[in-house]
Amino acid sequence: MLFWATGLLVLAWVLPHRRSLRGLRIAAAGTGLGCALLPVMFAVLLGVAMASS
């Protein structure tokens, strides 16, 4: 999953900085950031769930 996140962030960086591609760049960067943070957030939520039971 981290490979996908890195690839999407690189894609967002490499795309031309034209106004017409702004939405695609934001979507690629947001999805890449979400993929990068998903494993960390899952681990945190799992730790909270285990600590509360």
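See the structure above.
We now turn to the structure provided with this report. Values in this document were obtained by computation on a predicted structure and should not be read as measured data.

### Structural notes on the overall build of the chain
Part 1: For the chain, the helix and strand inventory stands at 2 helices and 0 strands.
Part 2: Its C-alpha atoms give the chain principal-axis dimensions of about 50 × 20 × 10 Å.
Part 3: Residues counted as buried form 15% of the 53 residues belonging to the chain.
Part 4: Looking at the chain as shown, the accessible area adds up to about 4300 Å², and 78% of this sits on carbon and sulfur atoms.

### Things to note about the environment of G32
Part 1: Counting through the fold element by element, G32 comes out in helix α2 (residues 22–52).
Part 2: Among the residues examined, G32 registers a relative accessible area of 0% and is labelled buried.
Part 3: Taking the C-alpha atoms as reference points, G32 and W4, 28 residues apart in sequence, are found 7.0 Å from one another.
Part 4: Not counting residues within four places of it along the chain, the set of residues in contact with G32 comprises A5, L8 and L9.

### Quick notes on α2
Part 1: Taking 1.5 Å per residue, 31 residues should reach 45 Å; α2 reaches 43 Å between its end C-alpha atoms and fits that length.
Part 2: Of all the bends in α2, the largest measures some 35° and sits at L37, one to four residues before the proline P39.
Part 3: Here α2 has its buried residues at A28, G32 and C35.
Part 4: Its buried side turned inward, α2 meets α1 (2–14).

### Topic: a nonpolar patch on the surface
Part 1: A surface patch of nonpolar side chains, amounting to about 360 Å² of accessible area, comprises L9, L33, L37 and M41.
Part 2: Here the element with the most residues in the nonpolar patch is α2; it accounts for 3 residues.
Part 3: As for its position among the elements, L33 is in helix α2.

### A short note on the packing of α1 against α2
Part 1: Running from amino to carboxyl end, α1 crosses α2 at an angle of 155°, the nearest separation of the two axes being 8 Å. Considering the angle they form, α1 stands roughly antiparallel to α2. α2 is crossed by α1, and the crossing has left-handed handedness. In this structure, α1 contributes L2, A5, L8, L9, L11 and A12 to the contact, and α2 contributes R25, A28, A29, T31, G32, L33, C35 and A36.
Part 2: Considering only residue class, the contact of α1 with α2 consists of 11 nonpolar, 2 polar and 1 charged.

Conventions used here
Per-chain numbering applies: the sequence of each chain, read as written, is numbered from 1 onward. Since the coordinates come from a predicted model, pLDDT governs what is reported: local features require at least 70, and pairs of side-chain atoms require 80 or more to be given and counted, while whole-chain, interface and lining totals use all residues. Computation of side-chain values covers all heavy atoms of the structure but excludes hydrogens and water. Strands are runs of DSSP state E lasting at least 2 residues, helices are runs of H or I lasting at least 4, and numbering of each runs from the N terminus. Any residue under 20% of the maximum accessible area for its type is buried, any over 50% is exposed, and the rest in between are partly exposed; the area is computed with a 1.4 Å probe on protein chains only. Reported accessibility uses the Shrake-Rupley method at a 1.4 Å probe radius. Residues are deemed covered only where the shown protein chains occlude them. Should any heavy atoms of two residues lie within 4.5 Å, those residues are considered in contact. What a helix is expected to span follows from its residue count: subtract one and scale by 1.5 Å. Given a residue, its bend is the angle between the two axes fitted to the seven residues that end at it and to the seven that start from it. A patch consists of residues exposed above 30% relative accessible area that lack any salt bridge, with like charges linked at up to 9 Å and nonpolar side chains (Val, Leu, Ile, Met, Phe, Trp, Tyr) linked at up to 5 Å. Should a side-chain nitrogen of Lys or Arg be within 4 Å of a carboxyl oxygen of Asp or Glu, the pair is scored as a salt bridge. Convention adopted: a line fitted to C-alpha atoms gives each axis, helices being fitted over their contacting stretch, and angles between N-to-C directions are expressed from 0 to 180 degrees. Relative orientations are named as follows: roughly parallel for angles under 35 degrees, roughly antiparallel for angles over 145 degrees, roughly perpendicular for angles from 65 to 115 degrees, and oblique for any other angle. Take the far helix as the reference: if the near one is turned anticlockwise from it by less than a right angle, the crossing is left-handed, and if turned clockwise, right-handed. Classification used: nonpolar for Ala, Val, Leu, Ile, Met, Phe, Trp, Tyr, Cys and Pro, charged for Asp, Glu, Lys and Arg, polar for all others including Gly.

Purely spatial values, then, with no claim about function.
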